[in-house]
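Chain by chain, the residues:
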Amino acid sequence: MGMVSTLTKSNKGIADEKARKASPAKAYADLAKAKLSGLVVATTAAGFVATGGPLSTQLDVFTACVVGTALCSSSAAAWNQILEIPRDEKMKRTQQRPLITGALTLSKAKSAAVVWGASGAALLAAGTDPVTTTLGVGNIALYAGLYTYMKPRSIYNTWVGAVVGAIPPVMGWTAATGGSIMDMEALMLGGILYLWQMPHFFALSYMYREDYKRGGFQMVPCLEADGVQTANIVVRYAWYLSAVPFVCALTSVTSSMFALEGVALNAYALTVAHKFKRERTNANARKIFLTSLWYLPSLLMLFLLHSKTWDDEEEKTKDPIANFLFTQIHSIRDKGRDLCVHEQVVATHSDGKEACPVTVAAKQTRKGVQKVKSTADSATDAIQEKSTKSRET
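Trainee: Help me understand a nonpolar patch on the surface, please; the structure alone is not making it clear to me.
Mentor: The grouping of Ile181, Met182, Met184 and Leu187 at the surface amounts to a nonpolar patch, some 360 Å² of accessible area in total. Counting through the fold element by element, Ile181 comes out in the loop between helix 9 (157-177) and helix 10 (184-207). For Ile181, a relative accessible area of 31% gives the class partly exposed.

Trainee: How should I be thinking about the packing of aromatic side chains in this particular structure?
Mentor: Note on aromatic pairs: each is described by the distance of the centres and the angle between the planes. Under the counting rule described, the total for this entry stands at 10 aromatic pairs. Between the aromatic rings of Phe48 and Phe62, the centroid separation amounts to 5.1 Å while the plane-to-plane angle is 80°, which identifies the pairing as edge-to-face. One end of the pair, Phe48, is in helix 3 (residues 34-49); the other, Phe62, is in helix 4 (residues 59-83), with 14 residues separating them in the sequence. For Phe48, a relative accessible area of 1% puts it in the buried group. Residue classification places Phe62 among the partly exposed positions, given a relative accessible area of 26%. Where Tyr268 meets Trp294, the ring centres are 5.7 Å apart and the plane angle is 40°; that geometry is what we call tilted. In this pair, Tyr268 is assigned in helix 13 (residues 256-278) and Trp294 in helix 14 (residues 282-306), connecting sequence segments 26 residues apart. An aromatic cluster is present here, built from Tyr156, Trp159 and Phe202 joined pairwise through their rings. The cationic tip of Lys151 hangs over the ring face of Phe217; the distance from NZ or CZ to the ring centre is 4.6 Å.

Trainee: What am I meant to see in the environment of Tyr212 here?
Mentor: Mapped onto the elements, Tyr212 comes out in helix 11 (residues 209-215). Between the alpha carbons of Tyr212 and Asp88 there is a distance of 9.5 Å; along the sequence they are 124 residues apart.

Trainee: Help me out: how do you make sense of the pattern of salt bridges in this one?
Mentor: For the structure on display, the rule yields five salt bridges. The partner of Glu84 in a salt bridge is Lys151, and the shortest N-O contact between them spans 3.1 Å. Of this pair, Glu84 sits in the loop between helix 4 and helix 5 (85-88) while Lys151 sits in the loop between helix 8 (130-150) and helix 9, and the two are 67 residues apart along the sequence. You can call Lys151 buried: its relative accessible area is 8%. A salt bridge links Arg214 to Asp211, with the shortest nitrogen-to-oxygen separation between them at 3.0 Å. Linking Arg214 with Asp211, this pair stays in helix 11, spanning three residues, or about one helical turn. A relative accessible area of 5% means that Asp211 is categorised as buried.

Trainee: Which parts of the structure should I look at to understand the nonpolar core?
Mentor: Within soluble globular proteins, side chains that are nonpolar tend to cluster in buried spots. Core analysis: the largest hydrophobic core is formed by 64 residues, its most contacted members being Ile192 and Phe303. Here the element with the most residues in this core is helix 10; it accounts for 13 residues. Those residues within four positions of Ile192 in sequence are excluded, and the remaining contacts are Leu241, Val244, Leu296, Leu299, Leu300 and Phe303. Leu99, Ile100, Ala112 and Ala113 belong to the second largest nonpolar core, which has 13 residues in total.

Trainee: Could you clarify how one ought to interpret unusual backbone geometry in this entry?
Mentor: You will see that Lys33, though not glycine, has its phi angle at about 50°, which is positive. The residue Lys33 is located in the loop between helix 2 (24-31) and helix 3 in this model. The exposure class assigned to Lys33 is buried, which follows from its relative accessible area of 16%. With phi around 65°, Ser252 is a residue other than glycine that occupies positive phi space. Tracing the backbone through its elements, the reader meets Ser252 in the loop between helix 12 (228-250) and helix 13. Relative accessible area serves as the criterion here: at 17%, Ser252 is assigned to the buried category.

Reading the values: rules and limits
- The numbering scheme is per chain: residues are counted from 1 as the chain's sequence reads.
- Reporting in this predicted model follows two pLDDT cut-offs: at least 70 for local features of residues, and 80 or more for side-chain atom pairs to be given and counted; totals over whole chains, interfaces and linings ignore these cut-offs and use all residues.
- Where side-chain values are given, they derive from all heavy atoms of the structure, hydrogens and water being excluded.
- Think of a patch as exposed residues, more than 30% relative accessible area, with no salt bridge, where like charges cluster within 9 Å and nonpolar side chains (Val, Leu, Ile, Met, Phe, Trp, Tyr) cluster within 5 Å.
- Computed with the Shrake-Rupley method and a 1.4 Å probe, the accessible areas treat only the protein chains shown as cover for residues.
- Salt bridges are defined by distance alone: a side-chain nitrogen of Lys or Arg within 4 Å of a carboxyl oxygen of Asp or Glu.
- Numbering of helices and strands runs from the N terminus; a helix is a DSSP stretch of H or I covering at least four residues, while a strand is a stretch of E covering at least two.
- Only protein chains enter the accessibility calculation, which uses a 1.4 Å probe; a residue whose area is less than 20% of its type maximum is buried, one above 50% is exposed, and one in between is partly exposed.
- Stacked, tilted and edge-to-face pairs are distinguished by plane angle, under 30 degrees for stacked and over 60 for edge-to-face with tilted covering the rest, among Phe, Tyr and Trp rings (Trp via its six-membered ring) whose centres lie within 6.5 Å.
- Two conditions define a charge located above a ring, namely a distance within 6 Å from the ring centre to NZ of Lys or CZ of Arg, and an angle within 35 degrees of the ring normal.
- Side-chain atoms within 4.5 Å link the members of a nonpolar core, which is a set of buried Ala, Val, Leu, Ile, Met, Phe, Trp, Tyr and Cys residues.
- Should any heavy atoms of two residues lie within 4.5 Å, those residues are counted as being in contact.

In structure tokens, the structure reads:
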């Protein structure tokens, strides 16, 4: 045992020495969690493009939004590592972080965190709008503050962390629309990212449950012996995710094809999730984690492809970039229709009337919403009229 321990320490010392000699660029990239920030950039860009707006005249806004969000994300990641040094030292998966190996000093890390946060906030404030800026700055506080504080204290830290991950695509949408945070499209994009993170991170925390225990973090897999609760959470959120394409179609955010194609995508994700529930092994947890890596870009691509923001040809042809995207999206849609049995057989009756159950249900939902709105408007008018008469008498 003594020899094994000595070899382990020797190997760690060699790894630390290599890390210390690593280039400063790599050290700062690791401090910023570059891969995570890359995901943030991609989802922010997806939110911006999803609006279908005049992209060529908004390139400055797009750049400010994407770069500003990336800087805010980098700042949050740096503060998280600064605050978690004692815990990262105990975990195998975090022992090669720059503050643990000595590749960066604490003062340099703090300086980087401040510069990234300040420049990100300034860029968002100068190039976007108050709503997007508030979301960016708020996300730094939420990740480096509440989320980091909760990790060693409450299992609900994962749910808080998921909010952090759900905000970037909403920021993309608000930047492109001037702050329209309550648009249904923005809510759906944020919802997709929020729900996706649950299977993704619970699978990750299950694989590294022993490591998280060493670090003293309160993760669900660390507090149970059999993994039953972890598996139930994974399956539950996989089902929630499978409902998103139908909700998008029913609320007219996308066409019914998103719901139909989502069935195939989610069928595989649910199969993997249920397999983990039956056999709670690291191998099955890894399958969920790896599936989540291609699942998210696939779902976002389908969302963009079938979004109804790309249905207005007249508006899109006025902008060269939007026109290019419009042409490509509709070309893919047309090819899909040629191959899709649903489009040829199910989607229409012989007399040409709509027969797709998702589309029909969506129309009924819209009629119901319009009826409720009409009733509410009538009631409001009646109250105002009564109030006016009362004042006159």
